[in-house]
Amino acid sequence: MKKGSLERRRTFSVGQFILTALMLLLAATMLVPILNIVANSFSDPMKSPGMSGLRIIPDGFSLLNYQIVLSNTTILPALFNSVKITVVGTAINILLTTMAAYTLTRPKLLFKRTIMVFLIIMMLFDPGTVPEYLTIKQLGLMGSQWSVILVTAVSVYYLIIMMRYFQAVPQEICESALMDGAGHMRLLFSIMIPLAKAGIATITMFYAIVRWNEYFRAGIYITKNSQTTLQVILRQYVVSNDTATLIGDKNIGKYVNILDFNALKNATIVVAIVPVLILYPFVLKYYTKDVLAGSVKG
Amino acid sequence: MKKIISLLLTLAMLATLCTAMAEPADAAIGSPDAPVTVRYLCKDVDPADEDIQAMATLIEEKMAALGQYVDLVIMEAPAGTYADAVPLALSTGELEADLVYFQGGDETCANLGLLENLTDYIASSTYVKERMQEYNKARLANYPYLLWLSPATIYIPIMRADHLEAIGMTETLQNDPSVENYHTALKALVDGGYVKYAFSGDGSMTRANHMFNHAFGVTSTIMKNDDGKYVYYIATQAEKDLLAFYAQCYAEGLIDPDYLTSKWSDVQKKFYAGDLGMFCATQGGVVDSYCKKIVINQGDAAQGVVLPPAGGESYISVSVAKETRGFAINADSPKEVKEAAFAVLDFMASPDGRVIDKLGLEGVHYNVVDGQVVLTERFDEWWSKFWETFDGLDENFVDKSILMCDQAWQSLDMAKQYYTEDVDVVLPEDMVPYYDSVFSLFNEYSTAIILGQRPVDDFDEFVQQYYQNGGEQLAEYLATVLE
């Protein structure tokens, strides 16, 4: 008899094999186009026009596309602006949403029902672009990044999600904190928010994605190239095919007969998605943690 | 006494009459101490660029020498796609420019009364009038808000010299460009394995139409059918014949099956890779660029050959409905500013202006050696900030072969040689839905016919639906305008 453990022979069924193969195929359908874009962007411009859509290894090697893209005076500032708007905007979103959710979950709040009905009506009935535009104009926010940040400061949908998380916190915890002399701000920041971390993480991700993808409002309200977002610039270069502006005056004569415009656009796409690809794994780990600590004793 | 007074009054009246009949003194623009500020906005013209600032200063100096004192202020374009952002910014008052280049979206501004009618300015101009072609004049008559001194956009067919040599069709296509000969040549290229496909498209057969339309009888956008009604070309027998030709080509494997989903960059990619036999590019600078690039990609033997239209009569009829791009003057600008803005446009159409526009800055983009222009290394960084036309550029001063390749100049000459004016109108807003409806239906039927999903005879079914979906209303409207 063997000492200690029993070894179990690992078996791999046909079903698992088929499932694994299907999952790999599914993963390939998502990965191959991205890898093809990356490969195409790093390829020699003389050879990249002939590259197949399935090739994931560069044909030749050249950094010319990235040289052109990174020398463009609008892309990196737009990337920075998008990061700025996302970080600042999301911070404002979380602050206001958690404060509103806390207030609306207080049991003794007067006119709570009326306020909730009002908010839900606002959520369901969008007044449209024109009233919003006129409001932004009258507030003097035209051309400012604050026009994009403040307009979507609180989403009622995410507010309701946050309220549910706060409602899941046992009332006894709040009462005991209040009895111990904690004020509302202390209760919110020291007790409620730590206990609702999962919910906050969830809506942070939702808000951040909305902020990062902001295109329409940025396109209307932000008028200067130095202030605009990455999505506006991406649309101009990748969707509207404005390659002349992408290449720029100083480069167009030298490189117009050499460049593969498709590969150039692919380089623009890679530059745009790199920050998201870098940050996402760090953000993802927060969603694997469950931080609702049991604090109620007895 | 009465006689003297009467005589004096008569003399006074005569003097007044003579004064009124006298030629008005040339209206000076501004003064050396108070030049008129003209705010200029154009796509990809960066006010922070030193060369642009130098250009503005040079224009001011040259105009001042003519007694026209302007302060040309270059403005930064609003963020985003130019064609979307500029009309929006202008119509909301966020953009305060006097001289604006449009590349789409101008009709909205014109309908809001934001664009100045240029008719009178052009009538009293010196050089703009000279540079205008017949189609410019016709377009201005229909839509007097945009002006664009440029060759008309015609897609000229280009094939490779080595390919034509290999199939022995070089002389044939130049001298007898019949549809049959083109078909024979394109089929020979594909069957001989020289290329994968004869030609392609960027979502449609529009570029191929530029060379085949007239050969099949599609002579204008609006035509009269057999019962005397005005119809758009899409509902004519001629268009049916053209679609039948494309369907035959598709069935024979001559047309790239990806043409429907391809973008222009994809088509270019295939031509440079040697997969396409024929390529249609805008005459002039674009032909120049493509001819140079194909040589870089495929070698010297792959020189581009510019070809005449099928049938040898005309390339596609040139639309005179309106300019699709060009310069407009802000109607809200003060009168003297509008006059100064047009004076800038007129100066840029003058010989001096053409030199600045086409050659750039002396000492930077070109030098003058023994009275002849020699381009510098930085010449490739320069492009025209006002007019695309080469007309007015003194050929004794600059040898045109240094500006573009021979094929590009040839394409400009052929576009003029094989030119026909189109019959088209600008539709009012209430007619646009009918237009959209019939063209949408046409796209559906024509695509299915070319791909072989429908027989060619289904075109007759389309024609019936054309009339049911707005064709009758369009015919009535077109009759009132065209007759």
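Residues numbered from 1 in each chain as written. Chains lettered and ligands numbered in written order. Predicted model: local features only at pLDDT ≥ 70, side-chain atom pairs only at ≥ 80, totals over all residues. Heavy atoms only, no water.

## Here we look at the overall build of chain B
So, point 1. Tallying secondary structure elements over chain B gives 19 helices and 11 strands in all.
So, point 2. For the C-alpha atoms alone, the extent of chain B along its principal axes is close to 100 × 60 × 45 Å.
So, point 3. Across the 483 residues of chain B, 53% fall into the buried class.
So, point 4. When contacts within chain B are restricted to residue pairs at least 6 apart in sequence, those whose partners lie at least 24 apart make up 76%.
So, point 5. If you sum the accessible surface of chain B, you get close to 21300 Å²; carbon and sulfur atoms cover 50% of it.
So, point 6. Mean positive and mean negative side-chain charge positions of chain B (32 and 74 charges, respectively) differ by 2 Å. (Helix = DSSP H or I, 4+ residues; strand = E, 2+ residues; numbered from the N terminus. Buried < 20%, exposed > 50% of the residue type's maximum accessible area, 1.4 Å probe, protein only. Contact = heavy atoms within 4.5 Å. Areas by Shrake-Rupley, 256 points an atom, 1.4 Å probe, with all protein chains shown as cover. Lys, Arg positive; Asp, Glu negative; His and termini not counted. Charge placed at Lys NZ, Arg CZ, Asp CG, Glu CD.)

## Considerations on the interface of chain A and chain B
So, point 1. Of the residues lining the interface, 35 residues belong to chain A; the matching set on chain B comes to 29 residues.
So, point 2. Of the roughly 2600 Å² buried between chain A and chain B, counting both surfaces, carbon and sulfur atoms make up 43%.
So, point 3. Taken together, the links from chain A to chain B amount to three salt bridges.
So, point 4. Across the salt bridge formed by Lys43 of chain B and Asp242 of chain A, the nearest N and O atoms sit 2.7 Å from each other.
So, point 5. Our count for the chain A to chain B interface comes out at nine residue pairs in polar contact (both at pLDDT 80 or more).
So, point 6. When residues of the side of chain A that touches chain B are traced back to their parent elements, those giving at least two are helix H5 (129–138), helix H12 (230–239), helix H13 (243–247), helix H14 (249–255) and helix H15 (261–284) of chain A.
So, point 7. It is H14 of chain A that contributes the most residues to the side of chain A that touches chain B, five residues altogether.
So, point 8. Of the residues in the side of chain A that touches chain B, the class split is 14 nonpolar, 12 polar and nine charged. (Buried area = accessible area lost by both parts, 1.4 Å probe. Salt bridge = Lys/Arg side-chain N within 4 Å of Asp/Glu carboxyl O. Polar contact = N/O pair within 3.5 Å; in protein donor to acceptor, adjacent residues only side chain to side chain. Nonpolar A, V, L, I, M, F, W, Y, C, P; charged D, E, K, R; others polar.)

## As for a nonpolar patch on the surface
Residue and element names in this part refer to chain A.
So, point 1. Together, Phe12, Val14, Phe17, Ile18, Leu19, Leu22, Met23, Leu25, Leu26 and Met30 make up a nonpolar patch on the protein surface, roughly 1100 Å² of accessible area in all.
So, point 2. If you trace the backbone, Leu26 turns up in helix H1 (residues 14–42).
So, point 3. Leu26 sits in the partly exposed class, given a relative accessible area of 42%. (Patch = residues over 30% accessible without salt bridge, like charges linked within 9 Å, V, L, I, M, F, W, Y side chains within 5 Å.)

## Some points on the packing of H15 of chain A against helix H13 (residues 264–272) of chain B
So, point 1. At a minimum axis distance of 9 Å, the contact between H15 of chain A and H13 of chain B shows a crossing angle of 130°. Considering the angle they form, H15 of chain A stands oblique to H13 of chain B. Two secondary-structure elements touch here, H15 of chain A through Phe261, Asn262 and Lys265 of chain A and H13 of chain B through Ser265, Asp266, Gln268 and Lys269 of chain B.
So, point 2. Classifying every residue of the contact of H15 of chain A with H13 of chain B by side-chain character gives one nonpolar, three polar and three charged. (Axes fitted to C-alpha atoms, helices over the stretch in contact; angles between N-to-C directions. Parallel < 35°, antiparallel > 145°, perpendicular 65-115°, else oblique.)

## Quick notes on helix H12 (residues 237–251) of chain B
Residue and element names in this part refer to chain B.
So, point 1. An ideal rise of 1.5 Å per residue puts 21 Å on 15 residues; H12 measures up with 21 Å between its terminal C-alpha atoms.
So, point 2. All of the buried residues in H12 are Ala238, Glu239, Lys240, Leu242, Leu243, Phe245, Tyr246, Ala247 and Cys249.
So, point 3. Next to the buried residues of H12 lie helix H10 (179–191), helix H11 (206–216), helix H18 (432–450) and helix H19 (458–482).
So, point 4. Positive backbone phi, approximately 80°, marks Gly253, located one or two places after H12. (Expected span 1.5 Å × (residues − 1).)

## What about the nonpolar core?
All names here are of chain B.
So, point 1. By size, the foremost hydrophobic cluster in this structure holds 61 residues, and its most contacted members are Phe199, Phe212, Tyr232, Ile234, Tyr246, Phe462 and Tyr466.
So, point 2. Excluding residues that lie within four positions of it along the chain, Tyr466 makes contacts with Val231, Tyr232, Ile234, Ala235, Val438, Leu441 and Gly471.
So, point 3. Judged by nonpolar contacts, the second largest core, of 60 residues, contains Val36, Val38, Val45 and Ala341. (Core = buried A, V, L, I, M, F, W, Y, C linked by side-chain atoms within 4.5 Å.)

## Looking at the pairing of strand E10 (residues 366–369) of chain B
Residue and element names in this part refer to chain B.
So, point 1. Sheet topology note: the E10/strand E11 (residues 372–375) ladder contains four bridges and is antiparallel. Counted as the bridge partner of Val368 is Val373 from E11.
So, point 2. The antiparallel hairpin formed by E10 and E11 contains two residues in its connecting segment, where Asp370 sits at a positive phi of about 50°. (Pairing = 2+ DSSP bridges.)

## With respect to the domain arrangement of chain B
Accessible area lost upon the coming together of the parts serves often as the stated size of an interface.
Residue and element names in this part refer to chain B.
So, point 1. According to the domain assignment, chain B contains domain 1 (36–151 + 323–394) and domain 2 (155–317 + 423–482).
So, point 2. Taken together, both faces of the contact between domain 1 and domain 2 bury some 280 Å²; the carbon and sulfur share is 54%.
So, point 3. Along the contact surface separating domain 1 from domain 2 lie zero salt bridges.
So, point 4. Counting every contact that joins domain 1 to domain 2 gives zero residue pairs in polar contact (both at pLDDT 80 or more). (Domains from an automatic or database assignment.)

## Observations regarding the pairing of strand E3 (residues 99–102) of chain B
All names here are of chain B.
So, point 1. The side-chain alternation of E3 yields two buried faces, one formed by Leu99 and Tyr101 and the other by Val100 and Phe102.
So, point 2. Pairing of strand E1 (residues 36–41) with E3 involves two bridges; the strand directions are parallel. Note that in E3 the partner of Leu41 across the bridge is Val100.

## Considering the sheet that holds E3 of chain B
Residue and element names in this part refer to chain B.
So, point 1. In spatial order, the strands read E2-E1-E3-E9; together these four strands make up an open sheet with mixed pairing. At either end of the open sheet lies a strand with only one pairing partner, and these are strand E2 (70–74) and strand E9 (326–329). Strand-to-strand, the axes of this sheet are offset by a mean angle of 25°, without reference to chain direction.
So, point 2. Pairing of E1 with E2 involves five bridges; the strand directions are parallel. Residue pairing across strands places Thr37 opposite Asp71, the latter belonging to E2.

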